[in-house]
Amino acid sequence: MLLGEDSAVKAGQSVRLKGTVLDVPVGPELLGRVVDPLGRPLDGGPAIKAKQRGLVEREAIGVMGRKSVHEPLMTGIVSIDAMFPIGRGQRELIIGDRQTGKTALAIDTMINQAKQKTGVVNVYVAIGQKLSKIARLVDRLKQEGVMDQTIIVATGPSDPASLLYLAPYSGTAMGEYFRDNSQHALMIYDDLTKHAVAYRQMSLLLRRPPGREAYPGDVFYLHSRLLERSAKLSDELGAGSLTALPIIETQAGDISAYIPTNVISITDGQIFLETDLFYQGIRPAISAGLSVSRVGGAAQSPAVKSVSGNLKLGLSQFRELASFAQFGSDLDAATKQQIDRGQRLTELLKQPQYAPMSIWQQVVSIMSVSNGFFDTVPASHIKDAQGALLTKLWADHKKAMQTLDKGGKPTEDDVKLVKKVATAIAKGLEDK
């Protein structure tokens, strides 16, 4: 396998063993840098003088060295934090067709780690991505002030398949340094479909027999040994964590293809993005029916948990009833109210890119709609009402909101306060 340019290599040349296993530089020296899968800088900065090196391939930690996932990793995206919470040490798959906002979810999660000052280190692995796209990402992360706690491992489409194959393992080695030193890291693999394709190319050139969809027989092991390295460590090992957000691109929404089913079976849940929702303007285009988090409420902060109970139920009931509503003639009051509430919830869960929300903003927003404080506001004005509510609460009741932001369950006084402010705002928007 050649790990670089092949122009200088000729048939019949001799090869010498280095006598070491393949490793990459790891440690805090890499923060804020863009490197290739061998740890060489790509950002034009100085050479990286890391004190430690980590093995590219490493066996995953055993069951006894792990602890169940219990701390939330807030993404700042309301629909994920409320309905499909991600915990530190979890592996949550982001899956969907091209151009449905998969990378956007991952980037918002990275930005949120910096905004909330969680101290989580981001490792973004770009596998065969356009170099212009990676450059734009780096600029954006610098603007948002996230680059100082981020490592980017980049490979372009013209790189040899061997480098594309190595990239996720190298990135994981860099993330494991923080996990093993009682810190927390977030791995984003963008995306594992290209990784599997690069591995298929290598395998076919090495004359390995092709299997289903021409992938080699061990393509499952390729991803399972990678994702198994993400874990929440036990207290004896320092209680660090490595959380993984692998991305998979589907063709025409087919999640039953070979690679998607493989990765779904390895991960602890998936967030499925639908093209139809995306084009309807419901963004992030998360399908409430096909997405799931297998860690669930265990990794949710009490504040968000207290308000999100009815959210998923409300949305799924709304989707069922909405198909009836097309006939529209004689709906009873209860059904009509459920449909109205569903429309408001759908409107509320829309969120622009690069605008992750803190805990108190999420709690207050969900509470105002699911408790019916905004029932008189037309669905088209829910976003205005939400903006006004957040501005007013932060301006007049900053202390209460800061307490709520710590993640504790909202008190009765908090609920009364939100109700009072929300009702006043709703009155002002009724006539519109």
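Residues numbered from 1 in each chain as written. Predicted model: local features only at pLDDT ≥ 70, side-chain atom pairs only at ≥ 80, totals over all residues. Heavy atoms only, no water.

Observations concerning the nonpolar core
The test is simple: The set of buried Ala, Val, Leu, Ile, Met, Phe, Trp, Tyr and Cys residues whose side-chain atoms join them within 4.5 Å is what this entry labels a nonpolar core. Burial status follows relative accessibility: with a 1.4 Å probe on protein chains alone, a residue under 20% of its type maximum counts as buried, one over 50% as exposed, and anything between as partly exposed. Residues are treated as being in contact if the distance between any of their heavy atoms lies within 4.5 Å.
Within the largest apolar cluster, 71 residues are counted, with the highest numbers of intra-cluster contacts made by Leu141, Ile152, Val364, Phe374 and Leu393. In this view, Leu393 contacts Trp360, Val364, Lys398, Met401, Leu417, Val418 and Val421; residues no more than four positions away in its chain are not counted. Ile151, Tyr199, Leu227 and Val263 belong to the second largest nonpolar core, which has 48 residues in total.

A few points about helix H14 (residues 412-429)
Heads up, the condition is: The helix count covers DSSP runs of H or I at least four residues long, the strand count covers runs of E at least two residues long, and both are numbered beginning at the N terminus. Expected span, for any helix, means 1.5 Å times one less than how many residues it has. Taking the helix axis as origin, the arc is that swept by the directions to the C-beta atoms.
In this model, H14 (18 residues) spans 26 Å end to end at C-alpha, consistent with the 26 Å of a helix rising 1.5 Å per residue. Those residues of H14 lying buried are Asp414, Leu417, Val418, Val421, Ala422, Ile425, Ala426 and Leu429. In a view along the axis of H14, the buried residues occupy a sector of 160 degrees, so they form one face of it. Seen from the buried face of H14, the exposed residues on the opposite side, beyond 90 degrees, are Glu412, Asp413, Lys416, Lys420, Ala424 and Lys427.

Points about a nonpolar patch on the surface
Basically, it comes down to this: Think of a patch as exposed residues, more than 30% relative accessible area, with no salt bridge, where like charges cluster within 9 Å and nonpolar side chains (Val, Leu, Ile, Met, Phe, Trp, Tyr) cluster within 5 Å. We get accessible surface area from the Shrake-Rupley algorithm with a probe of 1.4 Å; when it comes to residues, only the shown protein chains can shield them. For this analysis, a salt bridge means a side-chain nitrogen from Lys or Arg found within 4 Å of a carboxyl oxygen belonging to Asp or Glu.
On the surface, Leu3, Val21, Leu22 and Leu55 cluster together to form a nonpolar patch covering roughly 310 Å² of accessible area. Among the structural elements, Leu22 can be located in the segment before strand E1 (23-26). By relative accessible area, which is 35% here, Leu22 ends up partly exposed.

Digging into the packing of aromatic side chains
One pair of aromatic rings is described through two measures. These are the centre distance and the angle between the planes. To keep it simple, the criterion reads: Ring pairs are drawn from Phe, Tyr and Trp, using the six-membered ring of Trp, whenever the two centres fall within 6.5 Å, and their geometry is named by plane angle: stacked under 30 degrees, edge-to-face over 60, tilted for the rest. Note on criteria: charge over ring means Lys NZ or Arg CZ within 6 Å of the ring centre, with the direction from the centre no more than 35 degrees off the ring normal.
Taken as a whole and judged by the stated rule, the model has six aromatic pairs. Here the aromatic rings of Phe278 and Tyr279 are separated by 5.9 Å at their centres, their planes lie at 75 degrees, and the arrangement is edge-to-face. With a relative accessible area of 18%, Phe278 lands in the buried category. Among the aromatic residues, those joined into a ring-pair cluster are Tyr165, Tyr169 and Tyr199. Directly above the aromatic system of Tyr215 lies the positively charged group of Arg200, at a separation of 4.4 Å from the ring centroid.

A word on the environment of Ala355
With respect to the element layout, Ala355 can be found in the loop between helix H10 (333-348) and helix H11 (359-370). Sequence separation of Ala355 and Ile77 is 278 residues, and the distance between their C-alpha atoms is 8.4 Å.

Some thoughts on empty space enclosed by the protein
Stated precisely, the cut-off is as follows: In this analysis the probe radius is 1.4 Å and the grid spacing 1 Å, with only protein atoms considered; a cavity is a set of points the probe fits into but cannot get out of, a pocket is an open set with protein on both sides within 12 Å along at least five of seven lines, and lining residues have an atom within 4 Å of a point. Grid points are joined across faces, edges and corners, and a volume is the space filled by probe spheres set on the points.
Taken as a whole and judged by the stated rule, the model has one cavity of 30 Å³ or more. Looking at the largest cavity, its volume works out to about 100 Å³. Lining the largest cavity, in full, are Ser79, Met83, Ile282, Pro284, Ile286, Ala288, Leu315, Arg319, Thr346, Leu349 and Lys350.

Re helix H5 (residues 192-205)
Relative to the 20 Å expected for 14 residues at 1.5 Å per residue, H5 spans 20 Å between its end C-alpha atoms, a close match to the ideal helical length. Within the sequence span of H5, burial applies to Leu192, Thr193, His195, Ala196, Ala198, Tyr199, Met202 and Ser203. Looking at the buried positions of H5, the neighbouring elements they touch are helix H4 (161-180), strand E7 (184-190), helix H6 (219-227), strand E8 (241-249) and helix H7 (258-266). Phi for Arg207, located one or two positions after H5, is positive at around 65 degrees.

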